[in-house]
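Architecture and fold: a report
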Amino acid sequence: MFRSRTRALAALSAPALVLTMAAAVPAAASSPAGHDPIAGFTDAHAAWQRQYERRFGAVPSAAVARALDAELSAEPGLATTTGDWHRVQRIVRHFRSYGLKPEIRTYYAYLSMPQRVKVEMTAPRYRDLPVKEKERPWQRHFEEVIPSHNGFSPSGDVRGEVVYANYGRPEDFALLAERGVSVKGKIVLVRYGSVFRGIKPREAAGHGAKGVLIYSDPADDGYGRGPVYPDGPWRAPDGIQRGSIAQIQLAAGDPQTPGWPAVKGARRIPPSQAPMLKGLIPTTPISYGAAEPLLRALKGAEAPKDWQGGLPFTYRIGPGGTNVHLDLKNRFQVRPLWDVTVRIPGSEHPEQEVILGAHHDAWAYGSSDNLSGTENVLQVGRALGKLLKQGWRPRRTVVLATWDGEEYGLFGSTEYAEQRAGQLRNAVAYVNMDGAGGSNFGATATPALDQSVIDASKEVRWPGTDGTLYEAWKAQNDGRTPISRIGGGSDFQAFFQRYGVPAMDLGSSSTGNAGNYHCACDDFSWMSRFGDPDWEYHAAMSRLVGIATLRLANADVVALGYRPYAAETAQYLGDFTAEQRKRLGSVAVDVSRDIDQAKAWQRAAEAVQARADEALRRGDTAAFRRLNAKIMQTERDLLTSAGLPGRPWYRHQIYAPGIDTGYATQRLPALNDALFIDHDVRTAKAYEARLYASLRAATRTLSP
């Protein structure tokens with residue numbers, strides 16, 4: 001998981017968008033007695049669909065989930081390593097045992113591997129700090145777990161005074177400057193959270209620092225939250241959060257092939273020109289046990305109240321008191337990685353695809369992140385294999401995928417998408433799983449798929465309750481069903497933000513999930529003791545994503561709702577105008593015509609829904625084809641071939657990762673980046689024209 005779904009870390013990113021309106025999607029006609037309607041299905045076809053949903057739902061098993069995790073997490077699975085290859089082979093064997101035909105797709109990615117990691121406290125006393133967790137008696141192949149590593153950190157041998165910079169956000173460095181504290185020539189100590197870890201060294205480097213240490217504070221995911229591993233789920237004092245610092249807010253995938261597939265013999269740009277590798281300095285993660293003596297010895301001013309963490313003393317900013325020697329030697333090379341895909345051809349529309357994917361690589365064992373997702377994809381494959389033997393076929397093609405290299409920068413999914421860019425024009429949707437074994441459900445989606453998520457949640461019994469996931473979801477959220485908007489951090493990015501494939505990301509977590517994030521403690525023992533001891537949530541999530549996938553694959557009229565999407569877009573544009581008045585005192589970029597066009601798009605979406613409802617009542621297959629062509633095109637209309645300003649890999653004009661957050665969603669990214677980040681009114685106006693053209697195109701697409 002490139003970013004965490006858990007409550008502890010999610011609370012530090014953009015808040016979920018709470019649904020205040022029902023998504024408008026093609027509805028089924030009123031159904032005969034005994035058969036509930038399904039959005040986008042005729043009555044007769046809804047009955048057929050429900051028959052197979054029942055058969056499908058009977059297959060996912062808690063016992064199978066447990067057995068899969070015990071097998072797949074038996075050794076570490078860092079991308080491109082021997083353990084990763086063994087994991088791939090196991091996944092292939094399982095798919096084959098289900099009667100499916102898996103394919104291994106090999107790509108070649110530029111990445112880093114740690115050769116030497118040394119962190120020493122040199123003042124006020126010497127202390128050699130640990131760079132790997134303690135081995136637990138039940139952990140096998142522990143020698144293959146890499147030491148603390150931030151993927152793509154430059155090598156370096158640096159010494160200097162320490163300055164504490166809270167979460168390492170732009171505003172944190174601004175506050176240091178206001179207080180007259182310079183980080184130039186210093187080693188910056190920051191804690192994980194609030195923003196993507198790659199923002200922290202970028203900001204430190206921009207202010208002249210020569211090295212960065214990132215630690216997990218016990219207030220965020222350690223003993224400040226509850227009992228620590230192995231007595232509880234939270235991070236132990238030796239727990240280290242590994243992770244990549246590739247600048248995924250600028251691009252994703254192999255850094256040397258931005259925009260084209262990293263196949264053998266592919267053209268490669270020099271690393272110095274790779275957007276993902278810009279502006280980095282030697283950086284490594286450490287545990288809060290290792291950070292404690294550094295923070296305790298710091299002098300200088302007392303840190304602000306909201307900079308104080310969970311260690312038992314007053315945090316100070318420095319510099320003075322603490323010196324550090326950071327010695328990193330990382331090997332950079334192009335290495336093979338392996339996606340596993342299964343294609344189940346559609347009986348009526350084989351060229352149209354619904355893709356269900358989860359990454360199988362991990363920084364260590366990865367039971368939660370993300371074997372939980374991989375195991376769910378396997379359980380879906382197991383169930384579909386049984387249905388195929390009963391004579392069932394999906395109407396559209398279903399693709400099952402487990403991606404490699406997600407943790408370094410969304411490698412496997414991005415290279416697959418870039419290689420199949422032409423075929424993705426016919427992709428109906430991409431369904432992602434990145435963390436799927438716990439009681440707390442969460443969803444991220446394009447607005448067009450909100451109702452699909454909600455409807456699928458009503459079909460799944462939720463463990464530990466007497467009702468459905470839908471009911472539990474509302475109970476956990478004061479009667480609401482919050483669905484976040486797609487930002488950054490997982491394998492949906494290339495599909496949605498580069499190629500305009502509607503996407504949803506479905507997952508669940510347990511209390512304490514943040515404590516095992518990217519740690520050697522994310523293992524079978526953690527999952528079986530704290531995450532999902534009965535493994536029933538794994539099975540429930542398999543049913544959920546399976547039903548969501550099958551409905552998209554089998555609908556007569558694809559259930560993508562653009563009326564609420566258009567309404568949200570008009571709201572974003574109004575907010576952009578208000579933000580201009582707040583920040584600039586006036587409106588520099590007029591988006592009034594865009595608001596009017598978004599409202600016209602909304603009216604066109606309402607009209608296309610009415611036509612879909614009528615076609616479903618009549619069973620008009622010719623109308624289905626025409627309507628589906630329009631509905632599937634609409635998300636693509638929101639792309640711009642020019643890409644976003646300063647980051648052309650991203651093309652979606654409504655949603656992107658925040659340029660200063662990396663994970664959190666930036667709405668209207670081109671307008672916001674140009675005007676509020678770059679202060680470039682001319683470029684902002686040029687992108688307003690592009691957005692207006694896209695909104696007109698979306699309106700025309702849905703018009704008769």
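Residues numbered from 1 in each chain as written. Predicted model: local features only at pLDDT ≥ 70, side-chain atom pairs only at ≥ 80, totals over all residues. Heavy atoms only, no water.

**A few points about the packing of aromatic side chains**
Within this structure, the stated rule accounts for 32 aromatic pairs. With a centroid separation of 5.9 Å and an interplanar angle of 85°, the aromatic rings of Tyr-164 and Trp-307 are classed as edge-to-face. Of the two residues, Tyr-164 sits in strand 4 (residues 156-164) while Trp-307 sits in the loop between helix 8 (288-297) and strand 9 (323-344), which places them 143 residues apart along the sequence. Of the two residues examined, Tyr-164 and Trp-307, each falls in the buried class. Aromatic side chains Trp-649 and Tyr-650 sit 4.9 Å apart centroid to centroid with 80° between the ring planes, which places their arrangement in the edge-to-face category. There is no split in this pair, since Trp-649 and Tyr-650 are both buried. Counting every residue linked through ring pairs, the aromatic cluster contains Phe-496, Tyr-562, Tyr-565, Tyr-572, Trp-601 and Tyr-655. Sitting over the face of the ring of Trp-260, Arg-267 holds its NZ or CZ atom 3.9 Å from the ring centroid. Seen from the ring of Tyr-692, Arg-593 lies directly overhead, with NZ or CZ sitting 4.2 Å from the centre. (Phe/Tyr/Trp six-rings, centres within 6.5 Å; stacked < 30°, edge-to-face > 60°. Helix = DSSP H or I, 4+ residues; strand = E, 2+ residues; numbered from the N terminus. Buried < 20%, exposed > 50% of the residue type's maximum accessible area, 1.4 Å probe, protein only. Lys NZ or Arg CZ within 6 Å of the ring centre and 35° of its normal.)

**Description of the nonpolar core**
Grouped together as the largest cluster of nonpolar side chains are 150 residues, with contacts concentrated most on Phe-95 and Phe-441. With 10 residues, helix 16 (residues 536-554) is the single largest residue contributor to this core. When sequence neighbours within four positions are dropped, the list of residues in contact with Phe-95 reads Leu-100, Pro-102, Val-340, Val-342, Val-377, Leu-378, Gly-381 and Leu-400. Counting residues in each nonpolar core, the second largest holds 43 residues, with Val-190, Ala-291, Ala-303 and Leu-311 among its members. (Core = buried A, V, L, I, M, F, W, Y, C linked by side-chain atoms within 4.5 Å. Contact = heavy atoms within 4.5 Å.)

**Structural notes on the pairing of strand 12 (residues 427-433)**
A large share of strand 12 lies buried, amounting to seven of its seven residues. Pairing geometry for strand 10 (residues 349-359) and strand 12, over six bridges, is parallel. Bridge assignment links Val-354 to a residue of strand 12, and that residue is Ala-429. The pairing of strand 12 with strand 14 (residues 503-509) spans three bridges and is classified as parallel. Its bridge partner being in strand 14, Asn-432 is matched across the sheet by Asp-505. (Pairing = 2+ DSSP bridges.)

**Describing the packing of helix 9 (residues 367-389) against helix 16**
Where helix 9 contacts helix 16, the two axes come as close as 9 Å, and the packing angle between them is 60°. In terms of orientation, helix 9 lies oblique with respect to helix 16. When you trace helix 9 past helix 16, the crossing you get is right-handed. On helix 16, the residues that touch Ser-372, Glu-375, Asn-376, Gln-379, Val-380 and Leu-384 of helix 9 are His-538, Met-541, Ser-542, Val-545, Gly-546 and Leu-550. Split into classes, the residues belonging to the contact of helix 9 with helix 16 amount to five nonpolar, six polar and one charged. (Axes fitted to C-alpha atoms, helices over the stretch in contact; angles between N-to-C directions. Parallel < 35°, antiparallel > 145°, perpendicular 65-115°, else oblique. Left-handed = near helix turned anticlockwise from the far one by under 90°. Nonpolar A, V, L, I, M, F, W, Y, C, P; charged D, E, K, R; others polar.)

**Some words on helix 21 (residues 681-702)**
The α-helix winds at 3.6 residues per turn, so residues separated by three or four positions along the chain end up facing the same way. Between its terminal C-alpha atoms helix 21 stretches 32 Å, which fits the 32 Å expected from 22 residues at 1.5 Å a residue. For helix 21, the full list of buried residues reads Ala-684, Tyr-687, Glu-688, Leu-691, Tyr-692, Ser-694, Leu-695, Ala-697, Ala-698, Thr-699, Thr-701 and Leu-702. Buried positions along helix 21 lie against helix 17 (563-584), helix 18 (592-618), helix 19 (621-637) and helix 20 (669-677). The backbone nitrogen of Arg-682 lies 3.3 Å from a side-chain oxygen of the residue at the head of helix 21, namely Asp-680. (Expected span 1.5 Å × (residues − 1). Polar contact = N/O pair within 3.5 Å; in protein donor to acceptor, adjacent residues only side chain to side chain.)

**As for the confidence of the model for the protein chain**
For the protein chain, per-residue confidence averages 95 on the pLDDT scale, and residues scoring 70 or more make up 95% of the total. Note that pLDDT drops below 50 for residues 4-34; the model gives that stretch 97 contacts with residues more than four away or on any other chain. (pLDDT = per-residue confidence, 0-100.)

**Section: the packing of helix 17 against helix 20**
The N-to-C vectors of helix 17 and helix 20 enclose an angle of 5°; their axes lie 12 Å apart at closest approach. With respect to their mutual orientation, helix 17 and helix 20 come out roughly parallel. Facing helix 17, whose interface residues are Leu-573, Phe-576, Glu-579, Gln-580, Arg-583 and Leu-584, helix 20 presents Leu-671, Asn-672, Leu-675 and Phe-676.

**Focus: helix 8**
The element helix 8 is extensively covered by neighbouring structure, given that seven of its 10 residues are classed as buried. Regarding helix 8, the residues found buried are Tyr-288, Ala-290, Ala-291, Pro-293, Leu-294, Leu-295 and Ala-297.

**Concerning the environment of Ala-605**
Note that Ala-605 resides in helix 18. Residue Ala-605 is classed as buried on the basis of its relative accessible area, which comes to 4%. As for Ala-605 and Thr-701, which are separated by 96 residues in sequence, their C-alpha atoms are 9.6 Å apart.

**Here's the deal with unusual backbone geometry**
The residue after Tyr-229, namely Pro-230, is reached through a cis peptide bond having omega 10°. If you trace the backbone, Pro-230 turns up in the loop between helix 7 (218-221) and strand 7 (243-244). Omega for the peptide link from Asp-369 to Asn-370 comes to 5°, which places this bond in the cis form. Summarising the element assignment, Asn-370 is placed in helix 9. At Asp-478, a residue that is not glycine, the phi angle is positive and equals roughly 55°. Relative to the assigned elements, Asp-478 resides in the loop between helix 13 (469-476) and helix 14 (492-498). Residue classification places Asp-478 among the exposed positions, given a relative accessible area of 71%. With a phi close to 65°, Trp-535 is a non-glycine residue in the positive phi region. Its place among the elements puts Trp-535 in the loop between helix 15 (524-531) and helix 16. Owing to a relative accessible area of 1%, Trp-535 belongs among the buried residues under this scheme.

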